[in-house]
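Observations on the three-dimensional arrangement
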Amino acid sequence: MKNKWILIFLLLLAVVIVGVMVADFKSTRPDQIASNPFEYNVDQYKAVDSALVLYTETRNLQLSMQEPAAIALAGDRLFVAGDQWVQVIGLQGKLISEIPLPEKPHAVAATPDRLLVATKASVLVYDPAGKLLATWKEGFSESSVLTSVAVAGDNIFIADAGQRKVYRFNPSGEKILEFEGKVNDEVLHGFIVPSPCFDVAINADGDLWVANPGKHALENYTFDGNLRGYWNKSSMEVEGFSGCCNPAQFTFLPDGNFITSEKGLVRIKEYKPSGELVGVVAPPAKFQDDGHAPEVVADAESRIYALDFDRKMIRVFEKKER
């Protein structure tokens, strides 16, 4: 009799165990798993109040490149670097010329008398006709990842995301100085660059600005590398910057306002020099989810040309009439 009750107990125990296993299996099916309340989700930040969107997309220029890498504007011409070329394109989209490159470009800058193309660890200097004048290799290292070039007269500034430094060169290719964004030697770090998103630009007044993406900041430096001022906005909301490395790209309008571009939650915005949001140029709905930050340039009429790396096109945005 005792053995009979033991057998019944074991059978009941087995039934309970099987039931628990079945319930657990069902609950772990993909369509049955409860949502994670701590999951990183940016969907709620993609929507932008239409009243904040101050620009409209007026046209776009499809590119014949597999890997567009950078864009610059000088006068009435766009210089688009990608694959192993620089394409010179009129503002209406007409291809003017092509300049072959010895390796893949990372960044480009143009002035009336020269074109500078940064590769991973060198700078190629061309004349307006596309003739190679010089190749600068001194001053960089194997760990360099050059990401941006800005020119002001005889001063050429180059951002190196690999070394987390900004260099100043003269027109002969001599490095004059380098700085890493530290206020003084006691500061633990200066530029925080978690990914190859490290931009420099010079406004119409000749002021040097550097994006410090890990701090969600834009910082103003003297040409000698001394910090003069900065502003930063860390927030998932439209007024700020989020993620590991934003703003990823920026440029200036003729009136001195900033145009910024962000990766991840891709969006382009306009800010006053003080850091106050003016409005949105292009909301996240305009771009691929979790996409690259478009590189942005602006012409004398405040039209914004955004190099959309994901769609391989230049997208033109103009301010709405009010």
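Above this text you will find the structure in question.
Attention in this report is confined to the structure presented alongside it. (Residues numbered from 1 in each chain as written. Predicted model: local features only at pLDDT ≥ 70, side-chain atom pairs only at ≥ 80, totals over all residues. Heavy atoms only, no water.)

This part takes up the overall build of the chain. Tallying secondary structure elements over the chain gives two helices and 24 strands in all. Scored against the burial criterion, the 322 residues of the chain give a buried share of 47%. Look at the contacts in the chain between residues 6 or more apart in sequence, and 44% of them connect residues 24 or more apart. A total of about 16700 Å² of accessible surface is found on the chain, and carbon and sulfur atoms cover 53% of it. (Helix = DSSP H or I, 4+ residues; strand = E, 2+ residues; numbered from the N terminus. Buried < 20%, exposed > 50% of the residue type's maximum accessible area, 1.4 Å probe, protein only. Contact = heavy atoms within 4.5 Å. Areas by Shrake-Rupley, 256 points an atom, 1.4 Å probe, with all protein chains shown as cover.)

It is worth spelling out the nonpolar core at this point. With 16 residues, the main nonpolar core has V166, F179, F191, F198, L208 and V210 as its most contacted residues. Listed by contribution, the elements that provide at least two residues to this core are β10 (146-152), β11 (155-160), β13 (175-179), β14 (200-202) and β15 (208-212). Sequence-distant contacts of V166, defined by excluding residues within four places in its chain, comprise F157, I158, L177, E178, F179, F191, F198, V200 and V210. (Core = buried A, V, L, I, M, F, W, Y, C linked by side-chain atoms within 4.5 Å.)

A few words on the pairing of strand β22 (residues 295-298). Of the two faces of β22, the one carrying E295 and V297 and the one carrying V296 and A298 are both buried. When β22 meets strand β23 (residues 304-308), the two strands line up antiparallel, connected through four bridges. Paired with A298 across the two strands is I304, which belongs to β23. Counting the residues between successive antiparallel strands, the hairpin from β22 to β23 contains five residues, one of them, S302, with a positive phi of roughly 65°. (Pairing = 2+ DSSP bridges.)

The sheet built from four strands is open, its strands ordered β14-β15-β16-β17 with antiparallel pairing. Each having just a single partner strand, β14 and β17 (227-232) make up the two edges of the open sheet. Between one strand and the next, the sheet's axes are offset by a mean angle of 25°, whatever the strand orientation. The pairing of β15 with strand β16 (residues 217-221) spans five bridges and is antiparallel. Each bridged residue has a counterpart across the sheet, and for L208 the counterpart in β16 is Y221. (Axes fitted to C-alpha atoms, helices over the stretch in contact; angles between N-to-C directions.)

Before going further, it helps to spend a moment on the packing of aromatic side chains. In this structure the tally under the stated criterion is 17 aromatic pairs. Ring centres of F191 and Y221 lie 5.7 Å apart, and the angle between their planes is 65°; this geometry places the pair in the edge-to-face category. Separated by 30 residues along the polypeptide, F191 in the loop between β13 and β14 and Y221 in strand β16 bring together distant segments of the chain. Under the relative-accessibility criterion, F191 is labelled buried at 3%. The class for Y221 is buried, based on a relative accessible area of 2%. Summarising the aromatic geometry, the rings of F250 and F258 are spaced 6.2 Å apart at their centres and angled 40° between planes, so their arrangement reads as tilted. (Phe/Tyr/Trp six-rings, centres within 6.5 Å; stacked < 30°, edge-to-face > 60°.)

Here we take up the sheet that holds strand β7 (residues 114-118). What the four strands build is an open sheet, ordered β6-β7-β8-β9; its pairing is antiparallel. In the strand order of this sheet, the two ends are held by β6 (107-111) and β9 (132-136), each with one partner. With direction set aside, neighbouring strand axes in the sheet form an average angle of 15°. As judged from the four bridges shared by strand β8 (residues 123-126) and β9, these two strands associate in the antiparallel manner.

What follows deals with the environment of L227. For L227, the location among the structural elements is in strand β17. Residues L227 and K182, spaced 45 residues apart in sequence, show a C-alpha to C-alpha distance of 8.2 Å.

Before going further, it helps to examine the state of the cysteines. With the rule as written, the count across this model stands at one disulfide. Each sulfur in the disulfide pair C244 and C245 lies 2.0 Å from the other. C245 gets classed as buried once you look at its relative accessible area, which sits at 1%. The thiol of C197 is unpaired, and the distance to the nearest cysteine sulfur, on C245, comes to 5.2 Å. (Disulfide = S-S within 2.5 Å.)

None of this, on its own, says anything about what the molecule does.
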